[in-house]
Amino acid sequence: METRRALGVVLLIAFVLAYPFIDRALGLQTVHAVSDGMIYVLLALGLNIVVGYAGLLDLGYAAFFAIGAYAMGLLNSPVLGSPLYGHAWSFWLCIWIAAAVSAMLGTLIGAPTLRVRGDYLAIITLGFGEIIPVAIRNLGDVTIQIGGWRPIERLNLTGGENGVNPVGRPFLPGVPFETDPLPWYYLILVIGALSLWAMSRLQDSRLGRAWMAIREDETAADCTGVNPISTKLLAFALGASFSGFAGSVYAAKLQAITPGAFEFQVSIMLLCMVVLGGAGSLKGVILGAMLITIFDRVVLAETTFFTRWVGRSLGVPLLATADLTLWRWFFFGLGLVLVMLLRPQGLAGRRVRPVPAGEGDDAGELAPPPAPRVEALPAFLRERAARPGAAADPGLMLDVRGLAKQFGGVIALNGVDLVVPRGAIIGLIGPNGAGKTTFFNVVTGLVRPDGGAITFEGRSLVGLRPNAIVTRGIARTFQSIRLFANMTVVENVLVGEHCRLRATVPGAVIRPPAVRAEEARARERARALLDFVGLGGKDQELARNLPYGDQRRLEIARALATEPRLLLLDEPTAGMNPRETETLTGLIGLLRRELGLSVLLIEHDMQVVMTISDRITVLDYGTRIAEGTPEEIQRHPRVIEAYLGTGYEAEPAARGAPR
Amino acid sequence: MLALVDVHTYYGSIRALRGVSLTVEPREIVTLIGANGAGKTTTLRTILGAVRPRRGTVTFNGQRLDGLATDRIVRLGIAQSPEGRRIFPRMTVLENLEMGAFARADRAAIAPDLERVLTLFPRLRERIAQKGGTLSGGEQQMLAIARALMARPSLLLLDEPSMGLSPILVETIFKIVQDINRQGTTILLVEQNARMALRVAHRGYVIQTGRIVLQDAAAELLRSDLVRKTYLGEK
Amino acid sequence: MEWWEVLVQQTINGLTRGAIFALIALGYTMVYGIVELINFAHGDVFMLGLFISMAWFALLGISGNLGAWQLVTLLPLVFVLTMLSTALINVSIDRVAYRPLRRSSRLAPLITAIGVSFMLENLALLWKGPAPIAYPDVFPSVDILREWFGVDSAIFITTKDILVVGATIPLMIGLNYFVTRTRWGKAMRATAQDRETAQAMGIDVERTILLTFFVGGALAGAAGLIQGLYYNIGMWWMGYQAGLRAFTAAVLGGIGNMPGAALGGLVIGFLSAWSDQYISARWTNAIVFSILILVLVFRPQGLLGDRTPEKV
């Protein structure tokens, strides 16, 4: 199998390298068109970073294409008197500047979209995609007139409607970059290959996983230590930078650029390539791009010839004069619709299997999950726990005082006090709507409090972003499990380690020894964690395909990967059968015993809470109504009243009434 | 009238109901009580067809409900006052009530029913033109129940009517519940507030982690200590 | 022209543009309110409304100025026919392209909507050709100030302006009546506010959604007809720009909020007219889209909308 694949790859590379000569031998004269097509492939790959990796639907990618092309065009052209024009190194320098300019503008365009949800984000990018060509068109002739004063008259910034022409060509001694398509072909091939290499490196790196996590569930990613702001901006910047390369070559090859080449339709054609191929898959996008280019340039024309021939043969004038190339946008649109309806993951995207039926639950009752073993506790967690924290008062991990939060007119938290001492397990209970999850959301930074103080190991948490709080040492799980469903089990845990790894973008691409060692270490730790929670051997499973109990344990493994000192568990046993519940409570106890981990847990399963907690805090309508040991709480009149109703305990009790 | 037999309902791969069986006889008030997350709302959602049970049956007056679409089930004579009230916030009290009667075939009888409902809830009559979102919690709860009554159901499902209400309001609501029952409507009452529910109900079921763990006449359950122990996790 | 005459003229222009934008924006906002989908193809339904109304006129043998009697009988007929046509088109689009994706993320139907938009535009291109098409001069244009009032002014108000206002207002009144006083209109609003509870009331949600697309499509068709009568010209690509401007209007007013859409339409109408006059028509698109971006980023609930928080 392996040798067959390797052979296939070698043959493919050989074909690609030899193509111009094959073309010349066959007299096809397609090399120019193929080179142009490759530029679009490169653009599609850049879009893939934004749409496929990071999951941000960018409908205005042609704007980056325009920026790249114009950056090269303006810097490397005599039209506006650029000093960079005319040297041997002009092109080679300007292509990097164009990429940098594209990256910067990508960041600028991405910035407003950061807090906006998916479909609005798409529209914003569309808006920019429209504004930039308009600006380019109109900045060729800028006149500002205020009253009778004309400070700026007919200033030409961009070449306007006529565009920029000529654009400086690349210079390599002995290689003529003119009308012969060969040098262009290989130039684009080299750029493309390097870009592909960089992208595949990025995909399989700390940043690549962060992108996927953001795409899957941004909030969960934030609460796992991934900074959504910087991650999204990097997606825009890096995605745009590749269009800088593509645009530069395009400008130099065409020798002229006009604003008309960067309209909305171009953005959509690129989107078609990504969607058809399978967003997120490099092979898929290349395949999609090739198919669409071939369809656009070859299939439509050939089919027109054929249809006309049929029409002439049959004497049907409608067919004889048909021009199917006029139908191209219809087919692109139809393609988008069909892909979305029939195969939304594209040709090469990850197959999304439906979640299996619930027989897994019964199976779980027959074969109980493995209990966590002390020996399996990963060493790195022990080391981390042994390290002293920055606590001023080493006794208290979490100290919350007077926490208040209101949503509109509803008081969710009414001056709540709560402490979690080091190494303690504290239960947080209360009837429906008591404010427990709101409490978690405020402590973990998802929601800003209206008042009160939150101190963790002596430092305040108020105003910090969720991912910053994770770095400080607090990890959480969610009431409804929020795993990264379409990522594998091990990838989920690796995202947990994100905030403890240091690899940067250049590091991810170049992979110096330090980065490679860090990745290896990270994978080792992930595997150790999975072993520990009882998911050993399920590394490559997609998270969404795991049975429920396994998913819960994966969430805990992911939380542990962030090396926390305080764990916030939100209804960890919800939906579990008794065996799984027992295993989980055993796990929590073990973590506290061996690592000194502090735990704050919300639970509805009263038996669990009463058994495992050192102390319990009870909330009702946002107010703390009781705090004490489990025994105290079980007999506390206000607690009974909150759960069961007023005056229940005053009912004449038939002591020991049998049932 | 209503019978659930060995119902297992799943959310994805989570088993929320593990073999729930209960019955509601005509003209009864039956209450289903239990702690949060025990499966009370899931039971109601299963009855109304919002989720389909994977095992077990739901029968209403002899007809199978499991598998039917919600709007079909509602037309058979079941109405709900949902958890959290769920009134339409930007529609007036009157419009909310009209929506309650949406599925009725006997449109001529709607006007007298409206009159009846407003007599039952005079506060709603005062606020008839106000938008639902501007009502207080108690008024919204009344509106939710009134809206359900507008469907002239034979079975009324009440999901946690006491949530978020002051004790006085809770008393008022539950008194009205008893009035409605006396006028002939069968009621299945889901509640966290065990005491109030058991005081008005004829029979009660206690549900815990998806299973019925106690069932008895309401008065018996009220006297026994078992309910408290179940709620607060004592063995 | 005096400066104030220019201002008044542009304001009248803005009003007529705004009315058309408002009709289109209502379709966007109704659909988004009920299924949370940006119906990208909606602008193209508007464009098809223009061309379909042309076809109806041709079918009925109407080409020249209509006489007074015909205005009262034939014109409303063409309105009804056009609105029915576009309503059915909109409903078909939902049935075929959007309904299967009801449970997907918000992005999948948006991509599909873009696909449908391209298909419609290309069909119009093939049907009518690439060049702008002259719309039959059916509605008589009379300079009111001069001919009816004998006022000699540089300001130009015509019977066509009356047409726009006269056609739009009843449509909006009708729409308002529909959603506030009829059973199905209220069901539509209820479904938009709380789908699950609406279902629990016995409301057939799918049918309500269909109804929404029907009404939205009808309004877009009316807008297309009015556009044709007023400007006497149609282009296959006009749906895209008009659609985006109308979407901006809907967002500005508060997406999901119907009075907001009408208000937003007027605002964008005025803004685009003033921008064309005082800045330059070349920049108007950029200005409108900048407004779109600013609203989406800083005040996504628009001027009249409510905040819908995201549940954790």
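Residues numbered from 1 in each chain as written. Chains lettered and ligands numbered in written order. Predicted model: local features only at pLDDT ≥ 70, side-chain atom pairs only at ≥ 80, totals over all residues.

Participant: Describe helix H2 (residues 31-53) of chain A, with residues and values.
Facilitator: Residues and elements named next belong to chain A. Between its terminal C-alpha atoms H2 stretches 31 Å, which fits the 33 Å expected from 23 residues at 1.5 Å a residue. Of all the bends in H2, the largest measures some 35° and sits at Leu47. Directly beyond the C-terminal end of H2, a positive phi value near 70° is found at Gly55. (Helix = DSSP H or I, 4+ residues; strand = E, 2+ residues; numbered from the N terminus. Expected span 1.5 Å × (residues − 1). Bend = angle between axes of the 7 residues up to and from the residue.)

Participant: Describe the sheet that holds strand E3 (residues 396-407) of chain A, with residues and values.
Facilitator: Residue and element names in this part refer to chain A. A sheet is described by the order of its strands in space; here four strands give the open sequence E4-E3-E6-E7, paired in antiparallel fashion. Edge positions in the sheet fall to strand E4 (410-421) and strand E7 (459-460), since each has one partner strand and no second. Pairing geometry for E3 and strand E6 (residues 451-456), over five bridges, is antiparallel. Its bridge partner lying in E6, Leu398 is registered against Phe456. (Pairing = 2+ DSSP bridges.)

Participant: So what's going on with the interface of chain A and chain C? Which residues, and what values?
Facilitator: In this complex, chain A contributes 33 residues to the contact, which on the side of chain C involves 33 residues. Where the side of chain A that touches chain C is concerned, the elements lending two or more residues are helix H5 (118-138), helix H10 (264-277) and helix H13 (328-342) of chain A. Of the residues forming the side of chain A that touches chain C, the biggest block, 13 residues, is contributed by H5(A). Partitioned by chemical class, the residues of the side of chain A that touches chain C number 24 nonpolar, six polar and three charged. (Contact = placed C-beta atoms within 7 Å. Nonpolar A, V, L, I, M, F, W, Y, C, P; charged D, E, K, R; others polar.)

Participant: Which residues make up the confidence of the model for chain A, and what values do they have?
Facilitator: Residue and element names in this part refer to chain A. Per-residue confidence for chain A averages 85 on the pLDDT scale, and 93% of its residues sit at or above 70. Averaged pLDDT values over the elements of chain A bottom out at 43 in helix H14 (residues 359-366) and peak at 95 in helix H18 (residues 489-497). Ignoring residues within four places in sequence, the model shows residues 355-366, a span with pLDDT below 50, making 24 contacts including any to other chains. (pLDDT = per-residue confidence, 0-100.)

Participant: How would you summarise the packing of helix H2 (residues 42-59) of chain C against helix H4 (residues 107-128) of chain C if you had to cite specific residues and measurements?
Facilitator: Helix-helix packing is described using two parameters, namely the angle between the two axes and the distance between the axes. Residues and elements named next belong to chain C. The N-to-C vectors of H2 and H4 enclose an angle of 20°; their axes lie 9 Å apart at closest approach. Comparing their axes, H4 and H2 come out roughly parallel. Where H2 crosses over H4, the two elements pack in a sense that is left-handed. Facing Asp44, Met47, Leu48 and Phe51 of H2, the residues of H4 in contact are Ser117, Leu120, Glu121, Ala124, Trp127 and Lys128. Taken together, the residues of the contact of H2 with H4 break down into six nonpolar, one polar and three charged. (Axes fitted to C-alpha atoms, helices over the stretch in contact; angles between N-to-C directions. Parallel < 35°, antiparallel > 145°, perpendicular 65-115°, else oblique. Left-handed = near helix turned anticlockwise from the far one by under 90°.)

Participant: Before we move on, could you go through the domain arrangement of chain A and cite the residues and values that matter?
Facilitator: Residue and element names in this part refer to chain A. Looking at chain A, the domain boundaries give domain 1 (28-277) and domain 2 (382-392 + 423-447 + 462-647). Computed from C-alpha coordinates alone, the two centres of domain 1 and domain 2 are separated by 42 Å. Each side of the interface is counted separately: domain 1 has 22 residues, and domain 2 has 27 residues. At the level of elements, helix H6 (181-203), helix H7 (206-216) and helix H8 (218-222) are the ones that each hand at least two residues to the side of domain 1 that touches domain 2. It is H7 that contributes the most residues to the side of domain 1 that touches domain 2, seven residues altogether. Looking at the side of domain 1 that touches domain 2 residue by residue, the class counts come to eleven nonpolar, five polar and six charged. (Domains from an automatic or database assignment.)

Participant: Tell me about unusual backbone geometry, and please be specific about residues and values.
Facilitator: Omega for the bond connecting A:Asn165 with A:Pro166 falls within 30 degrees of zero, at 5°, which places this linkage in the cis form. By the secondary structure assignment, A:Pro166 is in the loop between strand E2 (149-155) and H6. Even without being a glycine, A:Glu571 presents a positive backbone phi close to 50°. In this structure, A:Glu571 sits in the loop between strand E9 (566-570) and helix H22 (578-595). Phi is positive for B:Thr209, close to 40°, though the residue is something other than glycine. With respect to the helices, strands and loops of the structure, B:Thr209 is situated in the loop between strand E9 (203-208) and strand E10 (211-217).

Participant: So what about the environment of A:Arg448? Which residues, and what values?
Facilitator: Residue and element names in this part refer to chain A. Locating Arg448 in the fold gives a position in the loop between helix H16 (436-443) and E6. According to the C-beta neighbour criterion, Arg448 is exposed, with 10 such atoms within 10 Å. For the pair Arg448 and Arg465, spaced 17 residues apart in the sequence, the C-alpha separation amounts to 9.5 Å. (Buried ≥ 20, exposed ≤ 12 C-beta atoms within 10 Å, placed from the backbone.)

Participant: Outline the pairing of strand E5 (residues 425-429) of chain A, supporting the account with residue identities and numerical values.
Facilitator: Residue and element names in this part refer to chain A. Most of E5 sits out of view: five of its five residues are buried. Because side chains alternate across E5, one face comprises the buried residues Ile425, Gly427 and Ile429, and the other comprises Ile426 and Leu428, equally buried. Sheet topology places E5 next to strand E10 (residues 598-602); four bridges connect them, and they run parallel. In the strand pairing of E10, Gly427 is matched with Leu601. With four bridges connecting them, E5 and strand E11 (residues 615-620) associate as parallel partners. Of the residues in E11, the one forming a bridge with Gly427 is Ile616.

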